[in-house]
Amino acid sequence: MKKIMLCSIIIMSILILCLYYAQNSNKKIYKNTVNSSHVINQNNLTMMYETEAGSGEYQVTSDTTWPQDGYIFNEALSKCENGSKLTWDDENKRVIMQANISDKCYVYFDIQSFANYIINNVYTGNDGDNDLYYHDGVGTYTNADQEAGDNSYRFSGANPNNYVCFGSDVMPCPENNLYRIIGVFDNSEVKLIKSSELIYSGWGDYQNYYWGDSYINESLNTTFVNSFTDEWQSKILEKEWIVGGNTRDNIVNSNVKNAYFYELINYNTSGEYLYTDKIGLIYISDYTYATIPDNWTIIINNYSPSISDNNWMYMTSKREWTITRASNISDVFLVGNDDSITKSGVDIAVSALAGDLTNNAYARPTFYLIPNVIYISGTGTQTDPYRIA
């Protein structure tokens, strides 16, 4: 009898243990813990790559490794048939799957456009981090109410990490191929300016002071742009530039927000005021928003060397042309060698053509990248600039 009872207890214990493990096996969390370079359970997982940046169209890839550069995990589209959860492990660059049962999953990756990289990775959500400010007109920092209000992302400060290697894949990047990011506009267009100066003969003359007729425009959009291969030229956006300008009072006798308004919103529309080109120059507001926010309330005509110390765009002791003209006369605004913003007659160009370079000004090519340029690598420093393709 005792043997029968003992056997019954043993059998019951085994049954209870079996039921416990059977029940809890359904609650087991399956986790993809492979190393950062390999995909497991390929029969249960399909990876989808976007075909072109922003297209919203995807195709199946046969890759056996997680994408490391040029793509970003699309959490909204990535799904599993039985409800398993997919998350991106950014530290190890892999997808983590949490599941209650075996599942079939579809993982989507969007092309990481350069603009998206700046917006999602460099901008942290806090204005001023990485010297990047989101100009939505809202913020808690000093002079946030002076933002442009155009939803652009602009670099401001003495020396942000906003370097880009453009026109070369050579390592390290040749100095002549270093550019800097002014900002991201329309959520898709990264605007660059050449890091070092480029000397031209001058603006134009009294008959050719409009941008479309200027010597600078002709040189930038022929000699300069043709110095790049066709592949790199194709990455430059053909853009409609606002070149009407405004009066001196409206541009330099006000702070940067007002100057932005009169330069790019309520601009002069007499004569030439819009011109489509690949290469242009900086706007006055590009330059003045590049200084720290503490300076955004200062009347532009009162800019001084103390302000230039906090403006990464300033070229020491150099005069630099902008694309903005004084609309009431045949003058063009420029940044003075003492950081003052002033206007200059096109007679500078005339004297330069005659061989007198005493009052010559510099011009730095400025342009927008097409939206589907992608981020490859780099941290944005001068020695490790962003690489794009």
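Look a little higher up for the structure.
Just so it is clear, the structure is predicted and the values come from calculations on it, not from any experiment. (Residues numbered from 1 in each chain as written. Predicted model: local features only at pLDDT ≥ 70, side-chain atom pairs only at ≥ 80, totals over all residues. Heavy atoms only, no water.)

(A) Broad picture of the state of the cysteines. Evaluation of the coordinates by the stated rule reveals two disulfides. Between the sulfur atoms of Cys80 and its disulfide mate Cys105 the distance is 2.0 Å. Its torsion about the S-S bond being 105°, the disulfide of Cys80 and Cys105 is classed as right-handed. Of this pair, Cys80 sits in strand E5 (residues 79-80) while Cys105 sits in strand E8 (residues 105-111), and the two are 25 residues apart along the sequence. Between Cys165 and Cys173 runs a disulfide, and the two sulfur atoms are separated by 2.2 Å. (Disulfide = S-S within 2.5 Å. Helix = DSSP H or I, 4+ residues; strand = E, 2+ residues; numbered from the N terminus.)

(B) Representation of the packing of aromatic side chains. Tallying each qualifying case throughout the model produces 31 aromatic pairs. Here Tyr117 and Tyr375 contribute two aromatic rings whose centre-to-centre distance is 3.6 Å and whose plane-to-plane angle is 10°, an arrangement assigned as stacked. One end of the pair, Tyr117, is in helix H2 (residues 114-122); the other, Tyr375, is in strand E22 (residues 375-377), with 258 residues separating them in the sequence. By relative accessible area, Tyr117 is classed as buried at 15%. Over the face of the ring belonging to Phe185 we find Lys191, whose NZ or CZ atom lies 5.7 Å from the ring centre. Sitting over the face of the ring of Tyr179, Lys194 holds its NZ or CZ atom 5.8 Å from the ring centroid. (Phe/Tyr/Trp six-rings, centres within 6.5 Å; stacked < 30°, edge-to-face > 60°. Buried < 20%, exposed > 50% of the residue type's maximum accessible area, 1.4 Å probe, protein only. Lys NZ or Arg CZ within 6 Å of the ring centre and 35° of its normal.)

(C) Local environment of the environment of Tyr179. Take Tyr179: it is sitting in strand E12 (residues 178-185). Residue Tyr179 is classed as buried on the basis of its relative accessible area of 1%. Separated by 15 residues in the primary sequence, Tyr179 and Lys194 have C-alpha atoms spaced 4.3 Å apart. The contacts of Tyr179, once residues within four sequence positions are left out, are Asn162, Tyr163, Val164, Phe166, Leu192, Ile193, Lys194, Ser195, Phe224, Phe228 and Phe367. (Contact = heavy atoms within 4.5 Å.)

(D) Quick peek at unusual backbone geometry. Of note, the amide linkage connecting Met171 to Pro172 takes the cis form, showing an omega dihedral of -10°. Within the secondary structure, Pro172 is located in the loop between strand E11 (163-165) and E12. Look at Lys93: it is not a glycine, yet its phi comes out positive at around 55°. Along the chain, the position of Lys93 falls in the loop between strand E6 (85-89) and strand E7 (94-99). Given the relative accessible area of 28%, Lys93 is considered partly exposed. Even without being a glycine, Asn151 presents a positive backbone phi close to 60°. Note on placement: Asn151 falls in the loop between strand E9 (132-135) and strand E10 (152-155).

(E) Highlighting the pattern of salt bridges. Taken as a whole, this structure holds eight salt bridges when the rule is applied. Of the charged contacts, one joins Arg154 and Asp150 as a salt bridge, the two residues approaching to 3.1 Å between their closest N and O atoms. In this structure, the salt-bridge partner of Asp286 is Lys191, at a minimum N-O distance of 2.6 Å. Highlighted residues: Asp286 in helix H7 (residues 284-288) and Lys191 in strand E13 (residues 189-194), separated in sequence by 95 residues. Taken together, the salt bridges that share partners define one network made up of Asp150, Arg154, Lys191 and Asp286. (Salt bridge = Lys/Arg side-chain N within 4 Å of Asp/Glu carboxyl O.)

(F) The arrangement of the nonpolar core in detail. Of all hydrophobic cores here, the largest spans 78 residues; its most connected members are Phe114 and Phe166. In terms of residues, this core owes the most to one element, H2, which gives six residues. Those residues in contact with Phe114 that lie beyond four places of it in its chain are Val164, Ile181, Val190, Leu369, Val373, Ile374, Tyr375, Tyr386 and Ile388. Grouped together as the second largest cluster of nonpolar side chains are 13 residues, Leu45, Met47, Val95 and Ala99 included. (Core = buried A, V, L, I, M, F, W, Y, C linked by side-chain atoms within 4.5 Å.)

(G) Structural context of the environment of Ile119. Summarising the element assignment, Ile119 is placed in helix H2. Excluding anything up to four places from it in sequence, Ile119 contacts Tyr153, Val184 and Asn187.

(H) Main features of the side chain of Asn268. With respect to the helices and strands, the residue Asn268 is situated in the loop between helix H6 (256-264) and strand E16 (274-277). A relative accessible area of 17% means that Asn268 is categorised as buried. Polar contacts involving the side chain of Asn268 include one to the side chain of Ser270, which spans 2.9 Å. (Polar contact = N/O pair within 3.5 Å; in protein donor to acceptor, adjacent residues only side chain to side chain.)

(I) Seen up close, H6. Inspection of H6 places Val256, Ala259, Tyr260, Glu263 and Leu264 among the buried residues, and these make up the whole buried set. On an axial view of H6, the arc spanned by its buried residues comes to 105°, and they lie on one face. Buried residues belonging to H6 abut E10, strand E15 (239-242), helix H5 (248-252), H7 and strand E17 (320-326). (Arc of directions from axis to C-beta.)

(J) Seen up close, the environment of Ile388. For Ile388, the position within the fold is in strand E23 (residues 386-388). For the pair formed by Ile388 and Phe114, sequence separation is 274 residues and the distance between their alpha carbons is 7.1 Å. With residues up to four places along the chain from it excluded, the contact list for Ile388 reads Phe114, Val164, Cys165, Phe166, Trp232, Leu369, Val373, Ile374 and Ile376.

(K) Structural context of helix H3 (residues 215-224). Within the sequence span of H3, burial applies to Ile216, Asn217, Ser219, Leu220, Asn221 and Phe224. Buried residues in H3 make contact with E12, E13, strand E14 (198-199), E16, E17 and strand E20 (362-363).

(L) Just the pairing of E12, in detail. Across the eight residues of E12, eight count as buried, placing the element largely inside the fold. Inspection of the sheet shows E10 paired to E12 by two bridges, in the antiparallel sense. Looking at the pairing, Arg154 lines up with Gly183 of E12. One ladder, built from three bridges, connects E11 with E12; its direction is antiparallel. The residue of E12 that forms the bridge with Val164 is Tyr179. Pairing geometry for E12 and E13, over six bridges, is antiparallel. The partner of Phe185 across the bridge, within E13, is Glu189. What sits between the antiparallel neighbours E12 and E13 is a turn of three residues, in which Asp186 has the positive phi angle 55°. (Pairing = 2+ DSSP bridges.)

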